[in-house]
Structure formats: structure tokens, C-alpha cells
Amino acid sequence: MLEQYIPFVGEETIHELFLISKKLKGLRVLHVNSTYKGGGVAEILHRLVPLMNDLEIKTDWKVFKGDKKFFTFTKKLHNLLHIACGHCINSEEIVYYLKITYENFKELDTENYDIVFIHDPQPMGLIIKKQPGQKWIWRCHIDTSSPDPQAWNFLENFLNTYDACIFHMPEFIYEKIEIPTYTIRPSIDPLHPKNIELPEEEIQTTLTKFGLDPEKPLILQVSRFDRLKDPFGVLKAFKLVKKKYDCQLALVGSFAPDDPEGEIVYKELINLTSDEKDVFVLNLPPDSHKEVNAFQRGATVVVQKSLKEGFGLVVSEAMWKGKPVVGSNVGGIKRQIVHGVTGYLVNSIEGAAVRIKQLLANKYFREEMGFHAKERVKHRFLIIRHLRDYLILMYKILNQIF
Amino acid sequence: MSNSFIFKSEFWIPKYTGVKVCSIKEFIENLKVIDKFSIFYHMYINIFNYHNLPTFYTNSISYWFYKNGRVLLAEKISIIDPLDYYDLEELRRVLVQTLEENYDETWNGREVNPFYFIKAEREIIECGYFANTLEEFIEGIKKSSINSLFYHLVTSRIENKTLINDYSAWLVNIGEAKKAEKIDKLDLYTMTLYEIKKKIINILEGE
């Protein structure tokens, strides 16, 4: 499987991966998160786990199970870790979190592994299963730079028992962490159906299938239906653009089982746009990878107007397809977009509208920025670099070189 | 065989030192004591990352000054070529001296963007091939990744405590002093490592 990546990263890079992995041969690794489908974490694991096995590092992926009540709480926790907004965590929620953790404690085998990666807060409490000799690593995909103190205290109960933690970027690291802390950027997979090359005909057919006009300029945001992704702000920016430009907007997303808020936001958007013939709010099944691919390739300008963002890999996905992205100057978006070179970083709805208009008006800008955007992703945000970072991290942690 | 050139490669994983500063004064104070591989990280990260895009400055320290509107300091630091120093402590001394000479006490406020001192946790591996002749050396370079180039052009100088990179050092030993000199003069900050690789191959194959 790894050989398939040679066209993207070169033979020498793949050769080096095998050399590094020799130091880890026979290692048993487990990844635990809370969903097989939907969201960036699951997407990365779908490919990362087989690639690690390809390197003869025995790697499994298990899903921590919860119900709607549990995920409603962890979504609230997620939001509180992003932004301190005054909501409180109550004792009933904590007890329920611990109850579900205990149920998973009984079901999930974590003992037979040398290294356990726990992704995000949902399965974090499983650390109580840690055995002597094991290394447990918490992989945080959230911007926790300014968390709600109560939410952070809740996490801290578990965090400092881990051997190390990983954040996407330094700005996401809360200052009070006591354990070794690394930064590893997430990645996209060029071989994923969402990112492979598509024939022009398929792109056109997909857009037509969903009622869009393939000839009309398309502004696109792909994201979960989540207030933090600010789809309402995108809609306002679109209306500002629409005054002068005949274009269409697609807000493309899907519901994830661990995000109960998604359906509510989706319905609000549908109600708000019922009279807008050029606005398409599309809730696609979670495995609509080729459709999303077609939308990104068919877009004229891609937008990611999040208010807060874990990393926003959807930005890299669009950049990989040679699209300039207008993104908010927050979180991981500002690590992906080089302002004025691969797209634009904006701070407001008005700023987004101005940049969208500039790109709609100028094909040369779009093509030039699109070229640089693809190059940037090729060298910084592909999965092979991500895999290599994990290998080095595991080797360092096993050898206690801190 | 004692004169064989052994090809190696280097990988980094960024580790947070726990030091975040919000003013230039704090930055200088911490720069004086921070782990030297944090200086290594911040001064070399732009080379280690493939920098195909017009980057603002040559290192992340300058970029931080620039982002906070301290363009003078950004320029003063960006002209410092870390390849002029094999000793990271000497590089630290020059950085601190430059900052102290150009720092204005009236700036002693909080900057908008904080600076996070990151340290490079490094792992060096042997690539599994070596060279005894110029032909084998050229083949080895062709097979090398940009990580391998980085090790031989940058880190080897720090490890061997010499200003000459070890491609050039080995070439001098086999009587190829002119090629060695040309390689040693390549400016790593103005080209990507892919371009550097092509240049090196051209030099070795006689241009």
C-alpha cells in the first residue's frame, strides 16, 4: 500500500519510513476514538492504521461507544474547551461520563498493546485501564488555548496520567499541562476517494445531480452543520457577494453520530434559505466522499469561515485540488493558508465577502494561488509526513528520551 | 572502507518546551537559557520544511517579530546565517547580542501574538547505503531524501563541530576540492532542498 504514495512523496521518503519502522517492529499499537464515520479523526485513522500495519507495526483501531446523552455532554465539553462561554458542567453529566467510561472499560481491550493513542476527550477516561509498561498518549484535535476553566479541570483529572500528549499546533496548548507535549499537524490522504483525481464529466454530473448549475461560479463551504463553522456567516457573506456577482452557494455537510447538534443547525439553515434559489444546503451521507470531492473540484472559491477550528483539514483538501481558500484567521486555518499566496485569511463576514469577490473576478489570481496551495499541501499536509511523525514520536516515548 | 561516506537521515518531532512569551523582553530573557535545540528548531525550521513559497523571513523568530510589527528586529535577525556557527551556544550569543543592541526599552509591553519556544526532538538514522567513489557518492545523493540532505548539510556540522558540511569534507578527502567548495557555498535559505539536491548533482556531475 505504501508504494502507492511514491508518486506524491518520492521513493526515498517511503524507503526511510521502512528504515524507521524497523526500530518499532513487533510493537502493538491501539488507537481509540468515538466514531468510525464522520469528521477528520476517523478519516485519518481509516488510512493511518492500515499504513502502520503495512510497516509491520501491529495496529488496531477501536471505537469508544456512547449514547446520545453521552455525546450531548461531550459535544458541550468540546465547545467549552474551544470557548469559555459561561455554561457549567453539572455533576449529573460527570457521573454519566464516568458511567459510560466504565461500560467501555469492561468492553474495550486495551491491555494487549504497548502504546495506546486516545483521540479527543470522549474516551479519555479509559486511562484508568493503563497497565505497567504501557505508554498512553492523548491526541487532542481541539483548540484548547483558552478553555473554560471548569471544562479544563475536568480534562486535567485524566490528562496528567498520560505519558504524553499531542496537539495540532503550539497555539492550541493550554499552559498548565505537566506532561511532555508535542505538536503534530494532521494530514489528508491523496488516495482517499475524497481527494483522488476525478474526470471533469463526473464533477459536472455531481453538481447537476444536486440541482446546481455547473456553468455558474460556485462558492463552497464543506463542514459539519456546526455553529462554530459559522455557516450563517457564510450565508451573509454570500449575500454581500451576490449583489454584484451571479453565483451560487453550497453548504455541504453531514451529521456525525457523536454530534447531536448537527441536525438542529441543518434545519435552521434550511428554513433560512428556503426562498434562496442559488443556495444549496446539502446534508450528504457520511460516506459521500466522491461527491464532496466533486464539489471541491467544481467550486470556484472555497470558504472555511469557522469561528474556532480544531484544524480544518477541509482547507487542505480544497488546496490539494488547486483551489484558493478564503478562511478565517483562526486555529489551524491560519497554518494552512498563506495569506495572499495560497488564499486569504479573513476576520469578518465583510472580509470574507471582499476576498470572495476578488477571487471570483480574477481567474489569474485563482490559478496562481491554487498552484501554490497544492504545493503547500504536498509538502506539509499529506499523510506520509503524519505517519512518519507518529513513528518518531513512538520511538522517542518508548525510549524515554524526554 | 574507513573513508566510506555513510548516508544518514534526520527526522524531527516538535516538542513544546513549556515556555510561552508575550513580550520582547521576556523573549530575550528566555532565549538566554532555553534548550539549545529550541534555537536549532526556530533557526532551521524554514529549511527543514519545504519552503517553496515566498516566506516572509528565513526563520520563525524573525517571523514572530514581523507579525508583531517589529520589522527592524525581524530584518536584523533574518540576516544572521546559522550556518556560520557550528556551535549553537555561539549562535545563541549572537542572537541575544543582536536583539539587545536593537531592542528599545520603550517597547516593553505585551505583543499581540505570543511566541512558543519549540524544541526539535531529533532522530538520526543510517540510510543503508554508502559511497567509496565519486560515482557511488552521486548515486547516493540521487537516492537521498531532503531529510538526508538536511542532516549532511546542516546537522553534521554541529555534530562534527566544523563549519564545513560533511559532503564537502568527504569530497576534499577524495581530492575533489573544487566540487566541495561549490557545494559548501550553496545558500540553503534561498532555494528549496529539492533545488539544492539538483544543484549538488549538477556540481558533482561536472555541470
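Residues numbered from 1 in each chain as written. Chains lettered and ligands numbered in written order. Predicted model: local features only at pLDDT ≥ 70, side-chain atom pairs only at ≥ 80, totals over all residues.

*Asks:* What is the right way to read the overall build of chain B from this model?
*Replies:* Counting its regular elements, chain B contains 10 helices and 2 strands. The helix and strand sequence of chain B, counted from the amino end, reads β-α-α-α-α-α-β-α-α-α-α-α. Against the 2.2 N^0.38 benchmark of 17 Å for 207 residues, chain B shows a C-alpha radius of gyration of 18 Å, consistent with a compact globule. Counting the 207 residues in chain B, one finds 40% classified as buried. Considering only contacts within chain B whose residues lie at least 6 apart along the sequence, 68% involve residues at least 24 apart. (Helix = DSSP H or I, 4+ residues; strand = E, 2+ residues; numbered from the N terminus. Rg over C-alpha atoms; globule rule 2.2 N^0.38 Å. Buried ≥ 20, exposed ≤ 12 C-beta atoms within 10 Å, placed from the backbone. Contact = placed C-beta atoms within 7 Å.)

*Asks:* Explain unusual backbone geometry to me, please; I cannot follow it from the model alone.
*Replies:* In terms of backbone geometry, most residues other than glycine have negative phi values and most peptide bonds are trans. All names here are of chain A. At D120, a position not held by glycine, the phi torsion is positive, near 70°. With respect to the helices and strands, the residue D120 is situated in the loop between β3 (115–119) and β4 (135–139). Under the C-beta neighbour-count criterion, D120 is labelled buried, with 24 such atoms within 10 Å. Positive phi, normally seen in glycine, also occurs at D230, with a value near 50°. Here D230 lies in the loop between β7 (218–222) and α8 (231–242). Residue classification places D230 among the buried residues on the basis of 24 C-beta atoms within 10 Å.

*Asks:* It is not clear to me how the sheet that holds strand β10 (residues 301–304) of chain A should be interpreted in this structure. Could you clarify?
*Replies:* In sheet architecture, strand pairing relies on hydrogen bonds along the backbone and comes in two forms, parallel and antiparallel. Residues and elements named next belong to chain A. Pairing within the open sheet is parallel, and its 6 strands lie in the order β9-β8-β7-β10-β11-β12. Only two strands of the sheet have a single partner each, and these edge strands are β9 (279–283) and β12 (343–346). On average, each strand axis in the sheet is inclined to that of its neighbour by 20°, with strand direction left out of account. Note: strand β11 (residues 325–328) against β12, 4 bridges, orientation parallel. Following the sheet pairing, V325 is matched in β12 by G343. The strands that helix α10 (residues 289–298) touches are β7, β8 (248–253) and β10; relative to β7, the one it contacts most, it runs at about 140°. (Pairing = 2+ DSSP bridges. Axes fitted to C-alpha atoms, helices over the stretch in contact; angles between N-to-C directions.)

*Asks:* Honestly, helix α14 (residues 363–380) of chain A in this entry has me stumped. Any pointers?
*Replies:* Every α-helical turn comprises 3.6 residues, leaving residues that sit three or four positions apart pointing alike. All names here are of chain A. In a regular helix each residue adds 1.5 Å, so 18 residues correspond to 26 Å; α14 covers 26 Å between its end C-alpha atoms and thus fits that length. Residues M369, G370, H372, A373, R376 and V377 constitute the buried set of α14. Buried positions along α14 lie against α11 (313–320), β11 and β12. (Expected span 1.5 Å × (residues − 1).)

*Asks:* Quick question: what am I supposed to make of the interface of chain A and chain B here?
*Replies:* Interface extent is often summarised as the accessible area lost during association of the parts. Taken together, the contact pairs 26 residues of chain A with 23 residues of chain B. Broken down by secondary-structure element, the contributors of at least two residues to the side of chain A that touches chain B are α2 (11–22), β6 (181–183), α14 and α15 (383–398) of chain A. Ranked by residues supplied to the side of chain A that touches chain B, first place goes to α15 of chain A with 6 residues.

*Asks:* Which parts of the structure should I look at to understand the confidence of the model for chain B?
*Replies:* Detailed reading of the predicted model is not advised wherever pLDDT is low. Across chain B, pLDDT averages 90, with 95% of residues at or above 70. Across the interfaces of the predicted complex, the ipTM metric reaches 0.90, alongside a pTM of 0.89. (pLDDT = per-residue confidence, 0-100.)

*Asks:* Looking at this model, I keep getting lost on the domain arrangement of chain A. Mind explaining?
*Replies:* All names here are of chain A. Domain annotation for chain A reports domain 1 (2–187 + 382–398) and domain 2 (200–380). Computed from C-alpha atoms alone, the centre-to-centre distance between domain 1 and domain 2 is 28 Å. If you look at the interface, domain 1 gives 24 residues, while domain 2 gives 21 residues. Counting residues per element, the side of domain 1 that touches domain 2 draws most heavily on helix α4 (residues 68–82), which supplies 6 residues. Taken together, the residues of the side of domain 1 that touches domain 2 break down into 7 nonpolar, 11 polar and 6 charged. (Domains from an automatic or database assignment. Nonpolar A, V, L, I, M, F, W, Y, C, P; charged D, E, K, R; others polar.)

*Asks:* What am I meant to see in the packing of helix α9 (residues 177–184) of chain B against helix α10 (residues 193–204) of chain B here?
*Replies:* For any two helices packed against each other, the geometry comes down to the angle between their axes and how far apart the axes lie. All names here are of chain B. Across the interface, α9 lies against α10 with an axial gap of 10 Å and an inter-helix angle of 165°. Comparing their axes, α10 and α9 come out roughly antiparallel. Our pair here, α9 against α10, has a crossing hand that is right-handed. Facing K179, K182 and I183 of α9, the residues of α10 in contact are I200, I203 and L204. Of the residues that constitute the contact of α9 with α10, the class distribution is 4 nonpolar, no polar and 2 charged. (Parallel < 35°, antiparallel > 145°, perpendicular 65-115°, else oblique. Left-handed = near helix turned anticlockwise from the far one by under 90°.)

*Asks:* How should the domain arrangement of chain B be read in this particular structure?
*Replies:* Residues and elements named next belong to chain B. Segmenting chain B into domains produces domain 1 (12–119) and domain 2 (126–204). Domain 1 and domain 2 are separated by 27 Å when their C-alpha centres are compared. Contacts between the two partners involve 10 residues from domain 1, matched on the other side by 12 residues from domain 2. At 3 residues, the largest contribution of residues to the side of domain 1 that touches domain 2 is made by helix α2 (residues 36–48).

*Asks:* Honestly, the environment of Q304 of chain A in this entry has me stumped. Any pointers?
*Replies:* Residues and elements named next belong to chain A. When you line up the elements, Q304 lands in strand β10. Residue classification places Q304 among the buried residues on the basis of 29 C-beta atoms within 10 Å. A sequence separation of 84 residues divides Q304 from L220, and the C-alpha atoms of the two residues are 8.5 Å apart. With residues near it in sequence (within four places) discarded, Q304 still touches Q221, G312, V314, V315, V325, G327, S328 and I333.

*Asks:* Could you clarify how one ought to interpret the nonpolar core in this entry?
*Replies:* Where a protein is soluble and globular, its nonpolar side chains tend to be buried together. Judged by nonpolar contacts, the single largest core of 168 residues is most densely connected at I137, C165, L220, V301, V303, I356 and M394 of chain A. Looking at this core, the element that brings in the most residues is α15 of chain A, giving 10 residues. (Core = buried A, V, L, I, M, F, W, Y, C linked by C-beta atoms within 7 Å.)

*Asks:* Hey, could you run me through helix α4 (residues 71–78) of chain B in this one?
*Replies:* Residues and elements named next belong to chain B. All buried positions along α4 are accounted for by L73, A74, I77 and S78. End-on, the buried residues of α4 take up no more than an arc of 125°, which puts them together on one face. Exposed positions of α4 whose direction lies more than 90 degrees from the buried face are V71 and L72. Buried-residue contacts for α4 involve α3 (60–67) and α5 (88–102). (Arc of directions from axis to C-beta.)

*Asks:* How should I be thinking about the pairing of β10 of chain A in this particular structure?
*Replies:* Looking down a regular strand, the side chains alternate between one sheet face and the other. All names here are of chain A. Side-chain alternation along β10 places V301 and V303 on one buried face and V302 and Q304 on a second face that is also buried. Pairing geometry for β7 and β10, over 2 bridges, is parallel. Counterpart to I219 in the pairing with β10 is V301. Across 3 bridges, the pairing between β10 and β11 is parallel. By the bridge assignment, V303 is partnered in β11 with V326. Note that the unit made of β10, α11 and β11 has a crossover that is right-handed. (Right-handed = clockwise from strand over helix to strand, strands pointing away.)

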